[in-house]
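Structural overview for review
What follows is each chain in one-letter form.
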Amino acid sequence: MEKRILVIDDEKEIRDFLFKALSRLGGFRVELAESAEEALQKIENERFDLVLTDLKMPEKDGLQLVSEIAQSKPEILTILMTGYGTIDSALEGMKRGASDYLMKPLNLDELIVRVQKVLKEKQRFVKFKDLADQLEKARQELKRFDEMKYEFISVASNELGIPLAAVKEAIQLILGGKAGETNETQMKFLTMAEENITHLTSLLGNLLYFSRIESGKIEMKFEELNLMTSIEFILSSLKSQADEKSVQLNIDIPQEVPLIYGDRAKVEQILKIFLENAMKSTPEGGEVSISTKPYQEEGNRVAISVRDSGTGMSREQLDKILDKSLSRSISEGLDLAIAKGLIEAHHGKIWVESPVGRGNTFTFTLPISQGERRDIHFRFILDGEFRRAQENHSPLTLFLIKGWDKKEEMKDDLLDHLEQRVKECLNRKSDIVLRLKQEKLLAALCETDVKGARLISRSIEGKIKKYFLDGQEMSIKIKVGAATYPYDALSKGELFKKAKERLGA
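Let me sum up the structure you'll find in this document. Since this is a predicted model, take the numbers as computed values, not measurements.

A few words on unusual backbone geometry. For the bond running from Lys-104 to Pro-105, omega is 0 degrees, close enough to zero to count as cis. Of note, Pro-105 is situated in the loop between β5 (100–103) and α5 (108–175). In this structure, the amide linkage connecting Tyr-485 to the following residue, Pro-486, adopts the cis form with an omega of 5 degrees. With respect to the element layout, Pro-486 can be found in the loop between β16 (476–485) and α15 (492–503). With phi around 65 degrees, Glu-59 is a residue other than glycine that occupies positive phi space. If you trace the backbone, Glu-59 turns up in the loop between β3 (50–54) and α3 (62–72). Residue Glu-59 is classed as exposed on the basis of its relative accessible area, which comes to 74%. Located in the positive-phi region is His-347, a residue other than glycine, with phi close to 60 degrees. In this fold, His-347 is placed in the loop between α11 (334–345) and β11 (350–353). On the basis of relative accessible area, His-347 is assigned to the partly exposed category, the value being 36%.

This is how it looks when you write it as structure tokens:
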């Protein structure tokens, strides 16, 4: 298909020159406009692949035009033409969405080559976008199947749990002599049945819990924790089990352990799972040790290791344990899969070492609290996502969303609705929505560039208006401030500051 280019310049000689050069030598279909206003009208009514605009024009300059095109027609590419004295403005134009810039006086050969290059980049972008759309559709299908799986497991657990409870109660009545006398053999088999029902009920509960973790439905309550206190609590609860097997419990922890940042109940559940499994793997008279140390590969992390004195495992067994898939988890036991899921919910890592004949050592990491009293969770997540963007050389946009009603306040129930609407606009798995409770704001982190950020901002505003308007006068106002790394800021502090400035908060 013939590529269509719109040329904007207030000088007729330059317009005519560009028309001849691009149409005759480049083979493009060219339209002309002498002002930004005329160009915007043409863009509204016709299809263009690229806009070539002068930077300095009366009334509305090229920078404003580039910004408006990026917002209203992000699929159209733009190239700025500028003089040597306005190079900084040209660079600013690229930040606003321009694909390239050309220096005046124009070189004919360079003009054609640069235009062709930008259009080829667009073709590649369109192909990648089509692939990305296909991947997104596939991801949505997988997400739908995950939801169906969660619903099935939830219903199945409930439907099976009710009759199992009834059967167990009946067995307990018989064992208690409520249905007449039972002989020793009958008692033996009934006791076995009761134990198996208890085990099956526990399995169903763990299956449902694991499914909630896997589908991201687990609720996390982050706070500052004393790790030593949690370790001592779990060890004391397991002491009787250790005494039965004559297993010695050892602690190798520095006197000053930094406070960690996590969900207390979940952290203690992780510790209990690893220590219980270590005791199962340890023969009578063996040892189970727990130790902590700073995790050097990632800052602000502590590594916790649990070691047993068993016989170790094969590589195949280790791979199965660290595979968090449902089918393998059922066959290998759900407890370690649950622990792995909870560790990942804390943005931690897990690994295991198992030299044959020397036992197993499971190690996992948890975040160290930074001692902040406001929005600790948000700052922790921002740190991790910003570091990942730097390592992958990928863009990262921080959105700050503010809402208020006629009374100039945002109550918790309105904030709940606002959070849900924002989540509906962010469908990628990597997108994150957080609540800044103290400031009554929402924050979203998305791996998108400046153009994508503008589209998402408009989508959020449109979604909120559509939800709250409902045919009546708007009862809520919404404002979005966004900043993108590396275009707007090169540090996470600058990123937050810029987003807050644009929010006007």
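Examined against the element boundaries, Leu-63 turns out to sit in helix α3. Leu-63 sits 30 residues away from Gly-93 along the chain, and the two C-alpha atoms are 5.5 Å apart. Once residues lying within four places of it in the same chain are set aside, the contact partners of Leu-63 are Leu-55, Leu-80, Ser-89, Glu-92, Gly-93 and Arg-96.

Here we take up the sheet that holds strand β9 (residues 287–294). Spatially, β7-β9-β10-β12-β11 is the arrangement adopted by the five strands of the open sheet, whose pairing is mixed. Looking along the sheet, the strands with just one partner apiece sit at the ends: β7 (248–252) and β11. Geometrically, the sheet is characterised by an average inter-axis angle of 15 degrees between neighbouring strands, direction not taken into account. Sheet topology places strand β10 (residues 301–308) next to strand β12 (residues 361–367); seven bridges connect them, and they run antiparallel. The partner of Arg-307 across the bridge, within β12, is Thr-361. Where helix α8 (residues 264–281) meets the sheet, its contacts fall on β7, β9, β10, β11 and β12, and the angle it forms with β10 comes to roughly 25 degrees.

Looking now at the pattern of salt bridges. A complete count under the given rule lists 17 salt bridges for this structure. A salt bridge links Asp-49 to Arg-47; its shortest N-O distance comes to 3.1 Å. We classify Arg-47 as partly exposed; its relative accessible area is 38%. With a shortest N-O distance of 2.7 Å, Glu-385 and Arg-388 are connected by a salt bridge. Here Glu-385 and its partner Arg-388 are both found in helix α12 (residues 376–392), three residues apart, which amounts to about one turn of the helix. According to the relative accessible area criterion, Arg-388 is partly exposed, its value standing at 25%. Within this structure, Arg-4, Glu-31, Lys-42 and Glu-46 form a network of salt bridges that share partners.

For the rest of this paragraph, the subject is the nonpolar core. Membership of the largest hydrophobic core comes to 44 residues, with the highest contact counts inside it found for Leu-271, Phe-274, Ile-304, Ile-338 and Phe-364. Listed by contribution, the elements that provide at least two residues to this core are α6 (184–214), α7 (227–244), α8, β9, β10, α11, β11 and β12. Of the residues forming this core, the biggest block, eight residues, is contributed by α8. For Ile-304, the residues in contact, after removing those within four places along its chain, are Leu-227, Leu-271, Ile-290, Ser-291, Thr-292, Phe-362, Thr-363, Phe-364 and Leu-366. Counting residues in each nonpolar core, the second largest holds 22 residues, with Leu-382, Leu-396, Ala-443 and Leu-503 among its members.

Once that is clear, we can look at a nonpolar patch on the surface. On the surface, a cluster of nonpolar side chains totalling about 320 Å² of accessible area is made up of Leu-142, Phe-145 and Met-148. Within the secondary structure, Phe-145 sits in helix α5.

Side chains three or four residues apart in an α-helix point the same way, a direct result of the helix having 3.6 residues per turn. Compared with an ideal rise of 1.5 Å per residue, which puts 18 residues at 26 Å, α8 spans 26 Å between its outermost C-alpha atoms and is within 8% of the ideal. Within α8, burial applies to Lys-266, Val-267, Glu-268, Ile-270, Leu-271, Ile-273, Phe-274, Leu-275, Asn-277, Ala-278 and Met-279. Near the N-terminus of α8, the side chain that reaches the backbone nitrogen of Ala-265, with its oxygen 3.1 Å away, is that of Asp-263.

What follows is about the packing of aromatic side chains. Under the criterion given, the structure shown has four aromatic pairs. Clustering of aromatic rings is evident, with ring pairs tying together Phe-274, Phe-362 and Phe-364. Cation over ring: Arg-4 sits above Phe-48, and NZ or CZ is 4.8 Å from the ring centre.

A word on the packing of helix α2 (residues 36–45) against α3. Packing of α2 against α3 leaves a shortest axis separation of 10 Å and a crossing angle of 15 degrees. If you check the angle between α2 and α3, you find them roughly parallel. The crossing of α2 and α3 is right-handed. Contacts between α2 and α3 involve Ala-36, Leu-40 and Ile-43 on the former and, on the latter, Leu-65, Glu-68 and Ile-69.

The strand order across the open sheet built from five strands is β2-β1-β3-β4-β5, with neighbouring strands paired in parallel fashion. If you trace the sheet from one side to the other, it starts and ends with β2 (29–33) and β5, each paired once. Put simply, the sheet's adjacent strands are angled 20 degrees from each other on average, direction ignored. In this structure, strand β1 (residues 4–8) lies alongside β2, joined through five bridges in parallel fashion. The residue of β2 that forms the bridge with Leu-6 is Glu-31. Against the sheet, helix α1 (residues 12–25) engages β1, β2, β3 and β4 (77–82), with an angle of about 170 degrees to β2. Relative to the sheet, α2 contacts β1, β2 and β3, its axis offset from that of β2 by approximately 135 degrees.

The rules behind these values
Residues numbered from 1 in each chain as written. Predicted model: local features only at pLDDT ≥ 70, side-chain atom pairs only at ≥ 80, totals over all residues. Heavy atoms only, no water. Helix = DSSP H or I, 4+ residues; strand = E, 2+ residues; numbered from the N terminus. Buried < 20%, exposed > 50% of the residue type's maximum accessible area, 1.4 Å probe, protein only. Contact = heavy atoms within 4.5 Å. Pairing = 2+ DSSP bridges. Axes fitted to C-alpha atoms, helices over the stretch in contact; angles between N-to-C directions. Salt bridge = Lys/Arg side-chain N within 4 Å of Asp/Glu carboxyl O. Core = buried A, V, L, I, M, F, W, Y, C linked by side-chain atoms within 4.5 Å. Patch = residues over 30% accessible without salt bridge, like charges linked within 9 Å, V, L, I, M, F, W, Y side chains within 5 Å. Areas by Shrake-Rupley, 256 points an atom, 1.4 Å probe, with all protein chains shown as cover. Expected span 1.5 Å × (residues − 1). Polar contact = N/O pair within 3.5 Å; in protein donor to acceptor, adjacent residues only side chain to side chain. Phe/Tyr/Trp six-rings, centres within 6.5 Å; stacked < 30°, edge-to-face > 60°. Lys NZ or Arg CZ within 6 Å of the ring centre and 35° of its normal. Parallel < 35°, antiparallel > 145°, perpendicular 65-115°, else oblique. Left-handed = near helix turned anticlockwise from the far one by under 90°.

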